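Fold and geometry: a report
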Amino acid sequence: LCWPRLEFLQVLWLQLVPWSCTKTINFHTNEEEAYGSDIGVLSDGVLCNYQIKIPHQFHLMKSNSSLFAVSEGDGELTLAGDAGLDHAPQCGQATQCVLAFDLISFSQEQFQLVHVEVEVRNINDHAPRLPLTQIPMEVCEGAAVGMRIPLEVPVDEDLGANPLQSVRLAEPHNLFRVELQTLADGAQCVDLVLLQELDREGQAAYSLELVAQDGRPQPLLSVRVLDANDHSRGALAEVELAEDTPMGSLLLDLDAADPDEGPNDDVVLAFGAHTRPKARRLFRLELRSGHLTLAKPVDYERQDTYELDVRAQDRGPGPRASTCKVIVHIRDVNDNAPDITITPLAAPGAPAASVPEGAARESLVALVSTSDRDSGANGQVRCALYRHEHFRRQPAYAGSYLVVTAASLDRERIAEYNLTLVVEDRGAPPLRTVRPYTVRVSDENDNAPLFTRPVYEVLVRENNPPGAYLATVAARDPDLGRNGQVTYQLLEAEVVAPYVSVDPTTGEQRACWCFDRGELAELSLGLEALDGGSPPPRGRAVVWLPVEDQNDHVPGLVTLPLLNGLAQPPLPQDAPLGYLVIRLQ
């Protein structure tokens, strides 16, 4: 079993022995760096425990790797692509932006998985700006000291160390102060704080210039405070909400009361200026009843806290208002099944998911990554590899695992392995993801051609015409492609070539001369079969050719001399019966 996130990659098949170690290397670069900018050199950090520096080569894998280029020789890491890196497109509003990818480093008979993390540092290249150039505001002359009036927040597209740092009035003022706050959900808000009571008769309007800075002052807009019952109050409420809460559910009942009479007692509620647009879409506030309900589904993984600015205002002449904060905490539920990513590692042009049958035991097959968007136990993932004992799992780096060979492979016995990866979180109940993965065994030229018989006996009739068909031999090679293409040739060809020829493609044998048993009673020759590999393995067989006699001679007398075809043996007159007259051969 394996835990948190994994990523599955097939090996770059380099015919290497087991991998030596896994290394994580960290670099950093600034956003807006130009194409081709140097980031670092990988060869300086992949030595693991080696005492001697060995030359390395590098093979880049996927996962953010399109943004970077790596020199295969020394591992020099540079920016790729026409446009430079930009913090926002790559990492959104995240304070820290880290891009990660993997590669294989190999040298001699050792290789290792290298996990590279590049931090993209934000630079202060945006000036803060206000959405509007002028904001009219109304303040009652009886407003209490310390009253806070929300302002539009200047927008600064920089992140990290360069967000909005301060907002102030261009000139100190005895009646007003501007304060910048960071809310519970991370948003920034700006309030105009009343320092003294206002007297409309003394001054009916104020013109205030606001300055926002993020490390460099820059005037942004002018705020004009205009003219203005006697009760207002504020409060803080917190509510916890499970992320699977149905839409329309009542979250909170806000009760706003005003002890004044008549229209001054008629209070309506609404979201204040500090409530972000996203929160306004997710939550609904009834103006009269004060019921706060869920308008759309929330997702803990997107945002876990929302701060709502609620404004209660009476409807009397010179209306007065007060605000309260409602902080909504989202509770995580196990609503996300674990994800599994399988990224095969393959040499250029090689099959995407294959391993050579000659690969050594513990050869790297794949890098597996899983993730779970939930938090806590709901996001803790365990993983198992099933279905075949020829493969097993090894830890790589945090949350990642390697699949390696656990036994030697033979394509001619098993050409394809169907593995199953199962990841399951620790939620209650747990969620599970099952992913089948097929690994094909690629062919190696590990088989020599094999003849159907070690010895072939072929009977040859004498007096055959030259070119007569004798026999066809056959050899089989279970390898694929050129590795399995068999050709034939004669051994000691200079000796046997005058008698017999063999077709290199078909193995067909023919006589090259007319056999005469009286001159050659039998012939033994060697055959060799080769495949198309380099170097080609060879198989051998023997062909025995006995020559069959034919009735191609007329009998003749070989004893007793003949005269004109006649024999005249002597016969005595008194020869008895049984007398041997002549013996013929």
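Residues numbered from 1 in each chain as written. Predicted model: local features only at pLDDT ≥ 70, side-chain atom pairs only at ≥ 80, totals over all residues. Heavy atoms only, no water.

1. Quick word on the overall build of the protein
We apply this condition: Put simply, DSSP marks the helices as runs of H or I at least four residues long and the strands as runs of E at least two long, and each gets a number from the N terminus on. Residue burial is assigned from relative accessible area. The probe radius is 1.4 Å, only protein chains are included, and a residue is buried under 20% of its type maximum, exposed over 50%, and partly exposed in between. Note that accessible areas follow from Shrake-Rupley with a 1.4 Å probe, and for residues the cover is restricted to the protein chains shown.
Broken down by element type, the protein carries 3 helices and 40 strands. Counting all 585 residues of the protein, 43% fall into the buried class. On the protein, roughly 31200 Å² of surface is accessible, and the fraction owed to carbon and sulfur atoms is 49%.

2. Quick notes on a nonpolar patch on the surface
The following threshold applies: Each patch is built from residues lacking any salt bridge and having more than 30% relative accessible area; the joining distance is 9 Å for like charges and 5 Å for nonpolar side chains (Val, Leu, Ile, Met, Phe, Trp, Tyr). Within this document, salt bridges are pairs made up of a side-chain nitrogen of Lys or Arg and a carboxyl oxygen of Asp or Glu, the two lying within 4 Å of each other.
Together, Leu 557, Leu 560, Leu 562, Leu 571, Tyr 579, Val 581, Ile 582 and Leu 584 give the surface a local cluster of nonpolar side chains, amounting to about 690 Å² of exposed area. With respect to the helices, strands and loops of the structure, Leu 562 is situated in the segment after strand E40 (538–548).

3. Quick word on the pattern of salt bridges
For the coordinates displayed, the defined rule picks out 16 salt bridges. For Lys 325, the salt bridge goes to Glu 307, with nearest N and O atoms at 3.6 Å. Of this pair, Lys 325 sits in strand E22 (residues 321–331) while Glu 307 sits in strand E21 (residues 305–314), placing them 18 residues apart in sequence. For Glu 307, a relative accessible area of 6% gives the class buried. Close ionic contact of Glu 528 with Arg 538 constitutes a salt bridge, the shortest N to O distance being 3.0 Å. With Glu 528 in strand E39 (residues 522–530) and Arg 538 in strand E40, the pair connects residues that are 10 residues apart, well separated along the chain.

4. Quick word on a positive patch on the surface
Threshold: In this tally Asp and Glu are treated as negative and Lys and Arg as positive; neither His nor the chain ends contributes. Every charge is mapped onto a representative atom, which is NZ of Lys, CZ of Arg, CG of Asp or CD of Glu.
Taken together, the side chains of Arg 276, Lys 278, Arg 281 and Lys 296 make up a positively charged region of the molecular surface. Within the element layout of this structure, Lys 296 appears in the loop between strand E20 (291–294) and E21. Relative accessible area serves as the criterion here: at 44%, Lys 296 is assigned to the partly exposed category.

5. A word on the sheet that holds strand E3 (residues 38–41)
Quick note on the threshold: Two strands pair if DSSP finds at least two bridges between them. The axes used here are C-alpha line fits, helices contributing only the stretch in contact, and every angle between their N-to-C directions lies in the interval 0 to 180 degrees.
Pairing within the open sheet is antiparallel, and its 3 strands lie in the order E3-E6-E5. The outermost strands of the open sheet, each flanked by one partner alone, are E3 and strand E5 (68–70). Along the sheet, successive strands turn relative to each other by an average axial angle of 20 degrees, direction set aside. Pairing geometry for E5 and strand E6 (residues 76–79), over 3 bridges, is antiparallel. Note on E6: the bridge partner recorded for Phe 68 is Leu 79.

6. Digging into the nonpolar core
Counted only if it meets this: Definition used in this section: a nonpolar core is a set of buried Ala, Val, Leu, Ile, Met, Phe, Trp, Tyr and Cys residues joined via side-chain atoms within 4.5 Å. When checking whether two residues touch, look at their non-hydrogen atoms; a contact exists if any pair is within 4.5 Å.
In this structure, Phe 451, Tyr 488, Phe 515, Leu 525, Leu 527, Val 543 and Leu 545 are the most contacted members of the largest nonpolar core, which totals 26 residues. Looking at this core, the elements that each hand over two or more residues are strand E34 (469–472), strand E36 (487–490), strand E37 (500–502), E39 and E40. Discounting chain neighbours no more than four positions away, the residues touching Phe 451 are Tyr 456, Val 473, Ala 474, Ala 475, Tyr 488, Leu 527, Glu 528, Ala 529, Gly 539, Arg 540 and Ala 541.

7. Considerations on the packing of aromatic side chains
Note the threshold: Pairing of aromatic rings covers Phe, Tyr and Trp, the last counted by its six-membered ring, and requires centre-to-centre distances within 6.5 Å; plane angles under 30 degrees mean stacked, over 60 mean edge-to-face, and any other angle means tilted.
Considering all chains together, one arrives at 8 aromatic pairs under this definition. Ring centres 6.1 Å apart and planes at 50 degrees place the aromatic pair Phe 451 and Tyr 488 in the tilted group. One end of the pair, Phe 451, is in strand E31 (residues 450–451); the other, Tyr 488, is in strand E36, and 37 residues separate them in sequence. On the accessibility criterion, Phe 451 (7% relative accessible area) is buried. The class of Tyr 488 is buried, set by a relative accessible area of 8%. For the ring pair Trp 513 and Phe 515, a centre distance of 5.7 Å and an interplane angle of 65 degrees mean the geometry is edge-to-face. A relative accessible area of 0% means that Phe 515 is categorised as buried. One aromatic cluster in this structure is built from Phe 451, Tyr 456 and Tyr 488.

8. Thoughts on unusual backbone geometry
The omega angle of the peptide bond from Ala 428 to Pro 429 is 0 degrees, so this bond is cis rather than trans. One can find Pro 429 in the loop between strand E29 (416–425) and strand E30 (432–442). Omega for the bond connecting Ser 534 with Pro 535 falls within 30 degrees of zero, at -5 degrees, which places this linkage in the cis form. Relative to the assigned elements, Pro 535 resides in the loop between E39 and E40. Of note, the phi angle at Glu 362 is positive, near 70 degrees, even though the residue is not glycine. By the element assignment, Glu 362 lies in the loop between strand E24 (354–356) and strand E25 (364–371).

9. With respect to the side chain of Gln 394
To keep things clear, this is the line we draw: We call two N or O atoms a polar contact when they sit within 3.5 Å, provided that within protein one can donate a hydrogen and the other can accept it, with sequence-adjacent residues counted only if both atoms are side-chain atoms.
Of note, Gln 394 is situated in strand E27 (residues 391–395). By relative accessible area, which is 11% here, Gln 394 ends up buried. A polar side-chain atom of Gln 394 sits 2.8 Å from a polar atom in the side chain of Glu 362.

10. Brief notes about the side chain of Asp 191
The topology assignment puts Asp 191 in strand E13 (residues 188–194). You can call Asp 191 buried: its relative accessible area is 4%. In this structure the side chain of Asp 191 is engaged in a polar contact, spanning 3.0 Å, whose partner is the side chain of His 274. Other than its neighbours up to four places away in sequence, Asp 191 contacts Arg 148, Ile 149, Pro 150, Leu 151, Arg 177, Val 178, Glu 179, Gln 181 and His 274.

11. What about the sheet that holds E34?
If you walk across this open sheet you meet the 3 strands as E34-E38-E37, and the pairing is antiparallel. Either end of the sheet is taken by a strand with one partner, and the two such strands are E34 and E37. Across the sheet, the mean angle separating the axes of adjacent strands is 20 degrees when strand polarity is ignored.

12. Description of the environment of Pro 465
Here Pro 465 is to be found in the loop between strand E33 (460–461) and E34. Sequence separation between Pro 465 and Trp 513 is 48 residues, and the spatial gap between their C-alpha atoms is 7.0 Å.

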